[in-house]
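# Per-entry structural report
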Amino acid sequence: MAFLSANSHSPPYLRSTWARYALALLATGLAFALQWCLWPWLAPSPFFFFLAAIIFSASLGGYGPGALATVLSLLATRFFFRDSGSSAHHTITSALFTGVAALMTLVCARVRLSLHEAQVARASAQANGHVLAITLRSIGDAVVTTDPHGLVRFINPVASYLSGWRELDAIGQPLERVLQLVHPSTREPLAPVSLSPDEERPVQLGHQALLLPRRGGELPIEHTAAPIRDALGHRLGTVIVFRDISARFREDRERAQLLAREHDAHLEAEVQRERLETLFMQAPVAICLTRGTDHVVELVNPLGQTLVGERLSPGRSVRETVSGLDPHLVQLLDEVYRKGTPFVGHEVPLRADFSGSGHQEVKYFDLTWQPWRGVDGEILGTMGLCAEVTEQVLARREVEALASDLQQALQIRDDFLSVASHELKTPLTSLQLQLQLLWRSLPALDANGNPHPARKRVEASLRPAERLHQLVNNLLDVSRIRAGRLALERETVDLASLLQDVVSRAEADAAGAGCSLVLHPSPPIIGRWDRLRLEQVVTNLLSNAIKYGAHHPVEMAVVQEGSSARLTVRDHGIGIAPDSQARIFQRFERAVSERHFGGFGLGLWICKQIVDSLGGDIRVESLPGQGATFTVSLPLEPPPNGKPLSGSFPSV
């Protein structure tokens, strides 16, 4: 094997076996020629050149060529260069030559083989070193090697890129300068190599750190350190392998953040669960959750247990628990579970022994039963909410009874007002007629030519009679409006002429109150209205203006605006506060004290009812101490769906 190995690594001209043997023949022939030429001088030493040829053949060709050269040399000296000595002497010399030649052949061949093996090992080491260098430069991890003193001897491109050091600049630099590491949490400096000479574990794996590159910044890495030793165990340096774990570092950080959020979400969910449980247990309504066709109770709050006398508990069936209750309740649960349609019941009466005293009683509840569905929509059971409304039902019934009594009392009052108004109106009308006849029968002047005193007294009596007649008419209108019996009789009316007539009749009352009536001229404004009711509205507004604007002028005007007529009555009296302007149009409401101004507080309410029935609108603008302006807007033609007079009003 050594011979084959030697042949396989011989020079190109000696790789052939015949070439090596030919070289041995050539060397032996050359030695023979030299010995032949120098025989006269070298007769005593016929083996000198042959021994050199044997050494040459064995050194270049190995054992075989050396043996061939030895055999040829023995034959040549035997037959061509034999001395004149005795045969024994020649035999001893040949034997010694053979022994020396064999020894030299072995030594030279062995030396040749050792030298060749050393050359092959050196070449192999160089090739392996080249392959190793290429491998270290080509792998994806960063590699740095140092000598025993901690100086950098090798740095691959990946390590150069991550550290920011060029290869030429890093070689010979201390490792701590090239690889500046800090702890990820504390930011304390870390040594890249922490191996001691007696380190039993030669490799340290999974050490994480932050690399501070030369260009600045921080880079998360995971590094590995291993000692480099020779065949005898002597430490030659250290190899450091590290890799960029930024992606994994981000993943770990994101995973940590995700776990933290998950933990927070779990805590929040737990808080929500506790809150919901607290809400469920302390809810002011009874809550019950049942499962399956037997309606087995899953959850029930304390109020739900209280309503059925502590018998409704988790794990028990509603069928057996509430057997003493109305059987329609269980049928209701069956319907909700089977059809999946919710049920809502208000003031449902249930008869049972709610107090546990052995006596049944009736209580009223607002029930809501709906199906309890799973994630896939399948009906798992029922969920019910139950609020006891017994007190509310009893209170409502009491209120309804009181309202009925009140309604009856109001009806009696309205009937009384209607009857009283009719009864009062007949004698008042007779009284007014008698006073008017008496007034006309009396002369205007007495015998002395002065105004007749009896005539003045009759006139003084006519005014309160007219006032009383107006109050009775108002009460009669209230009863008619409430009963819905005050119908409108529309006809063609000139609003400007109607206003002038009302002003003419009110001049005497205005003069008595010290007011001057100012009527702005207006062309005829024709519309379809009820003359008597419209005259009643104007009369009430003008009477209020004279009453509350005494000693100040009262201004009136009527204008046409498109398809509507607008009537304004303005006084300069005490005015109306803003918070009372909406209230004065209600029944029996007044904006002033009854001690200073009389009346029932019905005039403006009646006006509003009439104006509303005519499809119009009435409003007021006023400030305290600056008078009031009432504005009535009326359509010239009745609306398509005219509003009737209201037959209802707020209860008093």
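Here is a short report on the structure shown in this document. (Residues numbered from 1 in each chain as written. Predicted model: local features only at pLDDT ≥ 70, side-chain atom pairs only at ≥ 80, totals over all residues. Heavy atoms only, no water.)

### Quick notes on the overall build of the protein
Of regular secondary structure, the protein possesses 19 helices and 19 strands. When each of the 652 residues of the protein is scored for burial, the buried share is 36%. Within the protein, residue pairs in contact and separated by at least 24 positions form 57% of the contacts whose partners lie at least 6 positions apart. (Helix = DSSP H or I, 4+ residues; strand = E, 2+ residues; numbered from the N terminus. Buried < 20%, exposed > 50% of the residue type's maximum accessible area, 1.4 Å probe, protein only. Contact = heavy atoms within 4.5 Å.)

### Digging into the packing of aromatic side chains
Within this structure, the stated rule accounts for one aromatic pair. Relative to F630, the ring of F585 has its centre 6.3 Å away and its plane inclined at 75 degrees; by these criteria the two rings are edge-to-face. With a gap of 45 residues between them, F585 in the loop between β17 (564–571) and α19 (603–613) and F630 in strand β19 (residues 628–635) connect regions that are remote in the sequence. Classification of F585 by relative accessible area gives buried; the value is 11%. We note R214 situated over the ring of W165; from NZ or CZ to the ring centre the distance is 4.0 Å. (Phe/Tyr/Trp six-rings, centres within 6.5 Å; stacked < 30°, edge-to-face > 60°. Lys NZ or Arg CZ within 6 Å of the ring centre and 35° of its normal.)

### Examining the sheet that holds β19
Taken together, the five strands give an open sheet; going across it, the order is β14-β16-β17-β19-β18, and neighbouring strands pair in mixed fashion. Each of the sheet's edge strands pairs with one partner strand only, and the pair in question is β14 (517–519) and β18 (617–622). Taking the axes of each pair of neighbouring strands and ignoring which way they run, one obtains an average angle of 15 degrees across the sheet. (Pairing = 2+ DSSP bridges. Axes fitted to C-alpha atoms, helices over the stretch in contact; angles between N-to-C directions.)

### A word on the nonpolar core
Among the nonpolar cores identified, the biggest contains 44 residues, and L495, W529, L541, L542 and F630 are the most heavily contacted of them. Only α16 (495–505), α18 (531–548), β16 (554–561), β17, α19, β18 and β19 provide two or more residues apiece to this core. Here this core gets seven residues from one element, more than from any other, and that element is α18. Every residue in contact with L541, bar those within four places of it in the chain, is listed here: V569, L604, I618, F630 and V632. Formed by 18 residues, the second largest nonpolar core is a distinct cluster that contains V152, A159, L162 and A209. (Core = buried A, V, L, I, M, F, W, Y, C linked by side-chain atoms within 4.5 Å.)

### As for the environment of V143
Turning to its location among the elements, V143 is positioned in strand β1 (residues 142–146). On a C-alpha basis, the gap between V143 and F154 in space is 7.8 Å, while along the polypeptide they are 11 residues apart. Look past the residues within four positions of V143 in its chain and what remains in contact with it is L136, F154, I155, N156, A159, V239, I240 and V241.

### Here we look at a nonpolar patch on the surface
Side chains of L103, V107, V111 and L115 sit close together on the surface and give an oily, nonpolar patch of about 360 Å² of accessible area. Judged by its relative accessible area of 40%, V107 falls in the partly exposed class. (Patch = residues over 30% accessible without salt bridge, like charges linked within 9 Å, V, L, I, M, F, W, Y side chains within 5 Å. Areas by Shrake-Rupley, 256 points an atom, 1.4 Å probe, with all protein chains shown as cover. Salt bridge = Lys/Arg side-chain N within 4 Å of Asp/Glu carboxyl O.)

### A few points about α16
Within α16, the full set of buried residues consists of L495, A496, L498, L499, V502 and V503. Projected down its long axis, α16 carries its buried residues within an arc of 160 degrees, all on one side. Among the residues of α16, the N-terminal cap falls to D494, whose side-chain oxygen and the backbone nitrogen of A496 are separated by 3.2 Å. (Arc of directions from axis to C-beta. Polar contact = N/O pair within 3.5 Å; in protein donor to acceptor, adjacent residues only side chain to side chain.)

### Let's talk about the pattern of salt bridges
Evaluation of the coordinates by the stated rule reveals 17 salt bridges. Measuring nitrogen to oxygen at the nearest pair gives 3.3 Å for the salt bridge that ties D147 to R153. Overall, the relative accessible area of 12% leaves D147 in the buried class. Within the structure, one salt-bridge network assembled from shared partners comprises D141, E222 and R243.

Purely spatial values, then, with no claim about function.
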